[in-house]
Amino acid sequence: MSRLHVVSGKGGTGKTTVAAALALALAAEGKRTLLVEVEGRQGIAQLFETESLPYEERKIAVAPGGGGEVHALAIDAERALLDYLQMFYKLGSAGRALKKLGAIDFATTIAPGLRDVLLTGKACEAVRRKDRTGRYVYDHVVMDAPPTGRITRFLNVNDEVAGLARIGPIHNQAQAVMRVLKSPETAVHFVTLLEEMPVQETVDGIAELRAAGLPVGGVVINMVRPEILDETAVEIAANGRRAAVAHTLAHALEGTGFGGARHAGLAEQLVDPLVAQAREHTERLALEHRGRTEISGLGLPTYELELLGDGVDLAGLYRMARELRKQGVSE
Amino acid sequence: MSLDTASVLDVDPVLDNPRTRIVVCCGSGGVGKTTTAAALGVRAAERGRKVVVLTIDPARRLAQSMGIDELDNVPRRVPGIDSSAGGELHAMMLDMKRTFDEIVEAHADKERARAILENPFYQSLSAGFAGTQEYMAMEKLGQLRARDEWDLIVVDTPPSRSALDFLDAPGRLGSFLDGKFIKVLMAPAKIGGRAGMKFLGVGMSVMSGPLNKLMGAQLLRDVQTFVAAMDTMFGGFRTRADATYRLLQAPGTAFLVVAAPERDALREAAYFIERLAAERMPLAGLVLNRVHGSEAARLPADRALAAAEALLDGSLGAPGEVLATAPMETSENLDCGGIVDRDSGQAASRTVDAPGTDAPTVPSTPESGLPQPAPSGGSTAQDFTAQDSTARLTAGLLRLHAERMRVLARERRTRDRFTALHPEVAVAEVAALPGDVHDLAGLRAIGERLACQAAGSTTADDTAAGKVPEARAGTTG
């Protein structure tokens, strides 16, 4: 199976959370994963309730079931560039001179694509890194990647840069990174909600990735809500059986200690708002149904994570990781 | 509580004020920024202003709803706007490569322009690598403002990796252009490789080696040629970048930070607000999209859930009997998995749900999420079915309500945290819609919700205070 998992998704779909849950899921059974952040938001640190991550790999969690470990790294483009210069060209003082001149700023913020080359390059280096015994240091690397609209460009940047710099070390580096990204070692996953815009962006994003020859992994449908009532049921409650529902409601509320419900006519007043909420629910279900049909038309492995009503905390993250494993994400 | 102390953002005076010339909508991705910008444009136009909306990468259907499915960098009049107040709406999508090309064409002579446009380094730069979109959005804003054809420009900001990138863009470009690096880069090209190396001094002798090594001679040459060709334009770039930055600080500009009532989105919003203050940029307020409300807010989640459970397990006795197992506290910290877990086999059945199986015609099937309790004696079979399904129907309504109330409580907590940190920021809430917006009517409705805060914001207040919400039902919008 793939070792570099690139997690993308439209803003607001929970991309960072899913990437973290995936890193936890893949670390089970004594494995070691590296969770990489490239957008400088420190979202991983907040999720794991630790202080901001430095530019340094450090252990941040133990996998469910024990034995496995999740390490994390927030990649900083400027530091990564200086690293490279140091590693490949032994540019100790010249590196500092470059920085003084503003060349590093230029390279990481303005030079086309160099920033993205550095970020993907660092992740690929972690994927390929081996220890003295020849074993991979990380079994899996999970990247919390840029959003769907930019992912193909982000991953494909090395191709473009290899075309710009037709010879020399940048060319070679870009090509080496591209070989990893286009191999079956890599899988790009998309996180989506069952809403119109995220689903559309996912479909478009996958088509773009495929056109660029980049390996598509699976789709994670996040924040799925339980289906509680369907349309027919809601219409029956609203029309045919409205009186019976009002009566049952009054009885149930009184029976559970919500005193005076019947006297105040509370139950009667509650029926219409409750039915209105149920109608919104079924309307949403219909939209979700259309979204699911479109996602399943992609023919990709699909995973579903339900909405954590109180927001995602550490416990919720582990629950999501368990759920991903149960649905076979690590197989 | 803090909700009462937080001030309410009234967008109409901002939109109506003839001195407001630019409204910038910013915020993290996925919070409805583009929709908000479009809705404000529609509203301002129908209130009599001549408006142009500059969108960046809008969702296809939203763009179509405004009649701009072409990406041609030219503002187009949006049909279907009520112009009885004398306003009109124009809309355009940013084409960053076109914008960049236009700058080159406008500021360099023909030959030089061609040299730049054909340079491979330029071609990659202008096609949208990190940062270009931000520069070009600001450049376009400057251009639109300079044309002075519109009373009001509403601008949507790019979906940056950081919502702040567009603020930094002009400054970063300026500092780069003033930097020494560019002089070093330009030196060899100007000298043309002749015996001029000795004039370059220490800087270049340290630099030429590493740069050559790092970039490769050919790329370095491309970059140098590009920089040399751009040389005459740099002054103009810097002047315009500075002018745009000042434009953003001017009193005629209003920043609206857009967010959803979620932790990450509001954290970004708070960060943004602090940054705007540091840059002395005028903040009008926060637009909080997709806020949930309930007309039945006085029924707390735990009560609704207890009643639903009692109905389902058949333990409900005669009226007045109190269930010992029902939670009595008024806190709302119900475990979010609770509803599903207590629901026999429901979670398992949903994860394998194939499309097409979730629309049963009979409300009592397991797919509708209602477990079927075993029948007990005492009534005829038919009698029981009717009663039983009414019980389950009612339980379903109650469970949906409990779920809604939990969402409401979470949103409220998140919002209160923000308000506590930034009590000075005026807030406008926009109620959540079940679906996406893709026509003018939808945009109009959003604008209406945005403007009519008195009615819209009561739902959350009622939740906590336990007030009666019914009285307000008719006053919305």
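Residues numbered from 1 in each chain as written. Chains lettered and ligands numbered in written order. Predicted model: local features only at pLDDT ≥ 70, side-chain atom pairs only at ≥ 80, totals over all residues.

## What about the overall build of chain A?
The criterion, for reference: Secondary structure elements follow DSSP: runs of H or I no shorter than four residues count as helices, runs of E no shorter than two count as strands, and numbering proceeds from the N terminus. Labels follow a simple rule on C-beta atoms placed from the backbone: if 20 or more others lie within 10 Å of a residue's own, it is buried; if 12 or fewer, it is exposed; otherwise it is partly exposed. Note on contacts: residues are paired as contacts if their backbone-placed C-beta atoms lie within 7 Å.
The helix and strand inventory of chain A stands at 13 helices and eight strands. Put simply, chain A has 331 residues, and 55% of those count as buried. Sequence-distant contacts in chain A: of pairs separated by 6 or more residues, those separated by 24 or more amount to 73%.

## Brief notes about the confidence of the model for chain B
Residues and elements named next belong to chain B. Here is the rule: pLDDT gives the predictor's per-residue confidence on a scale running from 0 to 100.
Taken over all residues, the pLDDT of chain B has a mean of 74, while the share at 70 or more is 64%. Below a pLDDT of 50 lies the segment residues 189-206, which in the model reaches 13 contacts outside its immediate sequence neighbourhood of four places, other chains included. With a pTM of 0.80, the predicted complex shows an ipTM of 0.84.

## Looking at the pairing of strand S7 (residues 283-291) of chain B
In regular strands, side chains alternate between the two faces of the sheet. All names here are of chain B. Put simply, the rule reads: Two strands make a pair as long as DSSP finds a minimum of two bridges between them. A clockwise course of the path from the first strand over the helix to the second, judged with the strands pointing away from the viewer, identifies a crossover as right-handed.
Burial analysis of S7 places seven of its nine residues in the buried class, which makes it a mostly covered element. Both strand S6 (residues 253-259) and S7 contribute to a ladder of five bridges, which runs parallel. Opposite Val257, over in S7, you have Leu286 as the bridge partner. Once the chain exits S6 it traverses helix H13 (residues 263-278) before rejoining the sheet at S7, and the crossover so formed is right-handed. Judged from the four bridges that link them, S7 and strand S8 (residues 427-431) form a sheet pairing that is parallel.

## Thoughts on the nonpolar core
Defined as follows: The nonpolar core criterion groups buried Ala, Val, Leu, Ile, Met, Phe, Trp, Tyr and Cys residues into a set whenever they are joined through C-beta atoms within 7 Å.
A:Leu22 and A:Leu24 are the most contacted members of the largest nonpolar core, which totals 95 residues. By residue number, the principal contributor to this core is helix H1 (residues 15-26) of chain A, which donates nine residues. If we skip the residues at most four places from it in the chain, A:Leu24 touches A:Ala61, A:Ala63, A:Pro64, A:Val70, A:Leu317, A:Tyr318 and A:Ala321. If you look at the next biggest cluster of nonpolar residues, it comprises 78 residues, including B:Phe272, B:Leu288, B:Val437 and B:Leu443.

## Some details on the sheet that holds S7(B)
Residue and element names in this part refer to chain B. Just so we agree on the cut-off: Lines are fitted to the C-alpha atoms to define the axes, a helix being fitted only along its stretch in contact, and any angle between axes, read from their N-to-C directions, falls within 0 to 180 degrees.
The eight strands lie next to each other as S3-S4-S2-S5-S1-S6-S7-S8, forming an open sheet whose pairing is mixed. Edge positions in the sheet fall to strand S3 (76-77) and S8, since each has one partner strand and no second. Direction of pairing for strand S1 (residues 22-26) relative to strand S5 (residues 152-156): parallel, over a ladder of four bridges. Paired with Val24 across the strands is Val155, a residue of S5. Contacts from helix H18 (residues 440-451) reach S7 and S8 within the one sheet, and its direction differs from that of S8 by about 140°.

## Points about the confidence of the model for chain A
Counting all residues, the mean pLDDT for chain A is 87, and 90% of those residues have values of 70 or more. Per-element averaging of pLDDT across chain A places helix H5 (residues 103-110) of chain A at the bottom with 65 and strand S6 (residues 186-192) of chain A at the top with 98.

## Notes on the packing of H1(A) against helix H13 (residues 314-326) of chain A
All names here are of chain A. Stated formally: Crossing handedness is read from the near helix: turned anticlockwise from the far helix by less than a right angle, it gives a left-handed crossing, and turned clockwise, a right-handed one. Note on residue categories: nonpolar means Ala, Val, Leu, Ile, Met, Phe, Trp, Tyr, Cys or Pro, charged means Asp, Glu, Lys or Arg, and polar means any other residue, Gly included.
For the pair H1 and H13, the least separation of the axes is 8 Å and the interaxial angle reads 65°. Crossing handedness for the pair H1 and H13: right-handed. Residue-level contacts link Thr17, Ala20, Ala21, Leu22, Leu24 and Ala25 of H1 to Leu317, Tyr318, Met320, Ala321, Leu324 and Arg325 of H13. Considered class by class, the residues forming the contact of H1 with H13 number 10 nonpolar, one polar and one charged.

## What to know about helix H9 (residues 196-211) of chain A
To be explicit about the condition: Between the first and last residue of a helix there are one fewer steps than residues, each counted as 1.5 Å, and that sum is the expected span.
Spanning 16 residues, H9(A) covers 23 Å between terminal C-alpha atoms, matching the ideal 22 Å at 1.5 Å per step. A:Gly213 lies just past H9(A) and shows a positive phi near 75°.

## A few points about the sheet that holds strand S8 (residues 302-306) of chain A
Residues and elements named next belong to chain A. The mixed open sheet is built from eight strands, whose spatial order is S3-S4-S2-S5-S1-S6-S7-S8. Looking along the sheet, the strands with just one partner apiece sit at the ends: strand S3 (58-62) and S8. In this sheet, adjacent strand axes meet at a mean angle of 25° when their direction is disregarded.

## A short note on the pairing of strand S5 (residues 140-144) of chain A
All names here are of chain A. Judged by how many residues are buried, S5 sits mostly within the fold: five of five residues are covered. Alternating residues of S5 divide into His140, Val142 and Asp144 and Val141 and Met143, and every residue in both groups is buried. In the sheet, strand S1 (residues 4-9) pairs with S5 via four bridges, with the strands oriented parallel. Counterpart to His5 in the pairing with S5 is Val142. Sheet topology note: the strand S2 (residues 32-37)/S5 ladder contains five bridges and is parallel. Bridge assignment links Leu35 to a residue of S5, and that residue is Val142.

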